[in-house]
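Chain by chain, the residues run as shown.
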Amino acid sequence: MRRAAWALVVGFGVVAGSGMVACSGGAGEVAPVSLESVVPPLPSAATSPSTTGAATTSVATPDTVQPDTTRPSTTSPELTGPVFSDALGVKVATAPGVNTPGDTRQLLPEGLYVHIAWTADPTDPSVFTVQPDDIPILEAYANAVTTFYGAALTNVITDDPGFDEFFLDGGAKFDDAFARHREAQEVLRIGTGVVLRPYVLSDQTSATTAVVLDCTLGDSGYTVGVPLEANGMKPDGTVATLSLVGGKWLIDKVSNEARACV
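Residues numbered from 1 in each chain as written. Predicted model: local features only at pLDDT ≥ 70, side-chain atom pairs only at ≥ 80, totals over all residues. Heavy atoms only, no water.

**A word on the overall build of the protein**
Consideration 1: Along the protein, the regular secondary structure elements total three helices and nine strands.
Consideration 2: Each helix (α) and strand (β) of the protein, taken in turn from the N terminus, gives the series β-β-β-β-α-α-α-β-β-β-β-β.
Consideration 3: Taking all 262 residues of the protein together, 52% fall into the buried category.
Consideration 4: Partitioning the intrachain contacts of the protein with sequence separation of at least 6 by distance along the chain shows that 62% fall at a separation of at least 24.
Consideration 5: Accessible area for the protein stands at about 11,000 Å²; split by element, carbon and sulfur atoms hold 55% of it. (Helix = DSSP H or I, 4+ residues; strand = E, 2+ residues; numbered from the N terminus. Buried < 20%, exposed > 50% of the residue type's maximum accessible area, 1.4 Å probe, protein only. Contact = heavy atoms within 4.5 Å. Areas by Shrake-Rupley, 256 points an atom, 1.4 Å probe, with all protein chains shown as cover.)

In structure tokens form, the structure reads like this:
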């Protein structure tokens, strides 16, 4: 088994010990961004960097699936906050490693989730709240990650229409790395789960470009015909740039960024 995560190294692709992002110094590397608003001192109450005002809005319809009784529910009728559209995955009460109220979606039944928090997590400073205007950017990011994992978990090729829909290059940067995994007869498997926890770096986002940071909690790896043994959730930081093209946010480049996890 070769451990995988959404962002351990730089440049779109998959190599040993990595998930969505490949070897350092590649063409997919994100241009340097300032993370002064992320590294200590942190914004108060773990709000999204360089944002102001309450991150609240009306809550969508109640959960349509039964809560997972093995973990405490993170829904709360007293709290409201930004929510994803109904098109993004199944709304669930909680996910592995999630301890804050917010909007949690199951993106893939194999165990891929995304969570946006409505309050700070006193036990984890890497959890940031988001603003309502961030939702289209974060939803595009989540859709792109879902497309990648959907391919890596199955045929390990980029023929899914989602690559053209959510990536500027149509997933071309994955082709060589996916080919190596096919040659080795490897596919991605998820153990305990993978939970995206993205937020927008607002002070470096404009009307047509965006920077997303994500301290993902994950347990996944590439295997050859055997299930993945659960190894526990580990944090991995990502920085991604997106561009607004034809009214849609598309993933441009991704790099690993340790400072996304505080």
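Next comes the rest of the write-up.
**With respect to helix α3 (residues 175–183)**
Consideration 1: Of all the positions in α3, only Ala177, Phe178 and His181 are classed as buried. Seen from one end, α3 has its buried residues packed into an arc of 100°, which puts them on one side. Counted as exposed and oriented over 90 degrees from the buried face of α3: Asp176 and Glu183.
Consideration 2: Where α3 terminates, the next one or two residues include Gln185, which has phi positive at roughly 60°. (Arc of directions from axis to C-beta.)

**Observations concerning the state of the cysteines**
Consideration 1: Under the defined criterion, the tally for this structure stands at one disulfide.
Consideration 2: Shown here is the disulfide that connects Cys215 with Cys261, its sulfur atoms set 2.1 Å apart. The disulfide joining Cys215 to Cys261 has a torsion of about 110° about its S-S bond and is therefore right-handed. Note that Cys215 is positioned in strand β7 (residues 209–223) and Cys261 in the segment after β9 (248–256), a separation of 46 residues in sequence. Neither Cys215 nor Cys261 differs from the other in exposure class; each is buried. (Disulfide = S-S within 2.5 Å.)

**Here's the deal with the pairing of β9**
Consideration 1: As judged from the eight bridges shared by strand β8 (residues 234–245) and β9, these two strands associate in the antiparallel manner. Paired with Ala240 across the two strands is Val254, which belongs to β9.
Consideration 2: Count of turn residues in the β8/β9 antiparallel hairpin: two residues, of which Gly246 carries a positive phi of about 60°. (Pairing = 2+ DSSP bridges.)

**Describing the pattern of salt bridges**
Consideration 1: For the structure shown, the criterion picks out six salt bridges.
Consideration 2: With a shortest N-O distance of 3.0 Å, Arg105 and Asp103 are connected by a salt bridge.
Consideration 3: Owing to a relative accessible area of 0%, Asp103 belongs among the buried residues under this scheme.
Consideration 4: Among the charged side chains, a salt-bridge network with shared partners connects Lys91, Asp103 and Arg105. (Salt bridge = Lys/Arg side-chain N within 4 Å of Asp/Glu carboxyl O.)

**Topic: unusual backbone geometry**
Consideration 1: A positive phi is found at Val156, a non-glycine position, where the angle reads about 55°.
Consideration 2: Here Val156 falls in the buried class, since its relative accessible area comes to 2%.
Consideration 3: Even without being a glycine, Gln185 presents a positive backbone phi close to 60°.
Consideration 4: For Gln185, the location among the structural elements is in the loop between α3 and β5 (187–196).

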